[in-house]
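What follows is the residue order along each chain.
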Amino acid sequence: MILVINTSSNGIDLLLDDKFAHFDAEKQAIALPNAVNDFMNQNNVKMSDLTAIGVIVGPGSFTGIRMGIAYAKGLAIGLNVPVVPVNVFELYMYETPNAFVAIDSGRGDFFVASPQHKPCTMTIDEVEIEQMKCHRQLDTNHII
């Protein structure tokens with residue numbers, strides 16, 4: 001069983017198999033241990049049931065990502081399980097490989113990735129233009 005921890009944006013997201021929870025948190029570093037314990041208890045899972053810890057490594061808030069990695073590594077060392085780095089773009093594009101993913105950076109631009117774009121940052125104007133190009137290309141590819 002793999003616990004995935006996401007502290008790359010506001011709050012804390014936790015995923016365990018098909019179970020998901022979001023915890024609002026002003027101070028993620030303080031809230032994370034309690035959020036994980038509460039989530040595990042709500043799902044009747046013991047820490048010893050975990051076989052790995054997944055952690056979101058980007059894109060997102062540098063401080064949030066760094067804190068999530070540190071917590072995941074500490075937990076993994078204590079449980080003697082591996083840490084698995086997970087890129088947010090990979091999660092979004094796993095189910096929908098042709099997706100155009102744009103994530104608000106909170107700084108006035110967006111983290112972007114798609115089959116036609118390596119991960120990068122774009123302004124909102126660039127996102128709108130590139131998203132339309134990708135949409136048109138998908139439409140053209142599906143014409144029979």
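In what follows, the structure referred to is the one given above.
Each chain carries its own residue numbering, running from 1 in the direction its sequence is written. With the structure being a predicted model, the display of local features is reserved for residues of pLDDT at least 70 and the display and counting of side-chain atom pairs for 80 or more, all residues being used for whole-chain, interface and lining totals. By convention in this description, side-chain values take in all heavy atoms of the structure and omit both hydrogens and water.

1. Concerning helix α1 (residues 28-42)
Link 1 in the chain: Taking 1.5 Å of rise per residue, 15 residues should cover 21 Å, and α1 covers 20 Å from first to last C-alpha, within 8% of that figure.
Link 2 in the chain: Note on classification: 1.4 Å probe, protein chains only; a residue is buried when its accessible area is under 20% of the maximum for its type, exposed when over 50%, partly exposed between these limits. Elements are defined by DSSP. Helices are runs of H or I of four residues or more, strands are runs of E of two residues or more, and each kind is numbered from the N terminus. Burial in α1 covers these residues: Gln28, Leu32, Ala35, Val36, Phe39 and Met40.
Link 3 in the chain: The elements touched by buried residues of α1 are β1 (2-6), β2 (12-16), β3 (19-23) and α2 (62-79).
Link 4 in the chain: Two residues or fewer past α1, Asn44 is found with a positive phi of approximately 50°. In a helix, the anticipated span is given by 1.5 Å times the number of residues less one. Whether two residues are in contact is decided by their heavy atoms: any pair within 4.5 Å suffices.

2. Side note on the sheet that holds strand β4 (residues 52-58)
Link 1 in the chain: The strand order β3-β2-β1-β4-β5 describes an open sheet built from five strands, whose pairing is mixed. Where the open sheet ends on each side, the last strands, each with one partner, are β3 and β5 (83-87). Geometrically, the sheet is characterised by an average inter-axis angle of 20° between neighbouring strands, direction not taken into account.
Link 2 in the chain: Angles run from 0 to 180 degrees between N-to-C directions of axes, and those axes are lines fitted to C-alpha atoms, restricted for helices to the stretch in contact. Across the face of the sheet, α2 comes into contact with β1, β4 and β5 while running at roughly 165° to β4. If DSSP finds at least two bridges between two strands, the strands pair.

3. Some words on the pairing of strand β7 (residues 110-114)
Link 1 in the chain: Where burial is concerned, most of β7 is hidden: five out of the five residues are buried.
Link 2 in the chain: Every second residue of β7 is oriented toward a common face, with Phe110, Val112 and Ser114 on one face and Phe111 and Ala113 on the other, all of them buried.
Link 3 in the chain: The sheet contact formed by strand β6 (residues 101-104) and β7 spans four bridges and is antiparallel. Its bridge partner lying in β7, Val101 is registered against Ala113.
Link 4 in the chain: Where β6 folds back on β7, the antiparallel hairpin that results is connected by five residues, among which Gly106 adopts a positive phi of roughly 80°.
Link 5 in the chain: Two elements, β7 and strand β8 (residues 117-122), share four bridges in a ladder whose sense is antiparallel. Residue Ser114 lies in a different strand from β8, and its bridge partner there is His117.
Link 6 in the chain: Connecting β7 to the antiparallel partner β8 that follows it, the hairpin turn spans two residues.

4. Things to note about the environment of Asp18
Link 1 in the chain: Take Asp18: it is sitting in the loop between β2 and β3.
Link 2 in the chain: Through-space distance from the C-alpha of Asp18 to that of Phe100 is 24 Å; in sequence the pair is 82 residues apart.
Link 3 in the chain: N or O atoms within 3.5 Å of each other form a polar contact, as long as, within protein, one can give a hydrogen and the other can take it, and as long as residues adjacent in sequence are counted only when both atoms are side-chain atoms. At 3.5 Å, the side chain of Asp18 and the side chain of Lys19 are in polar contact.

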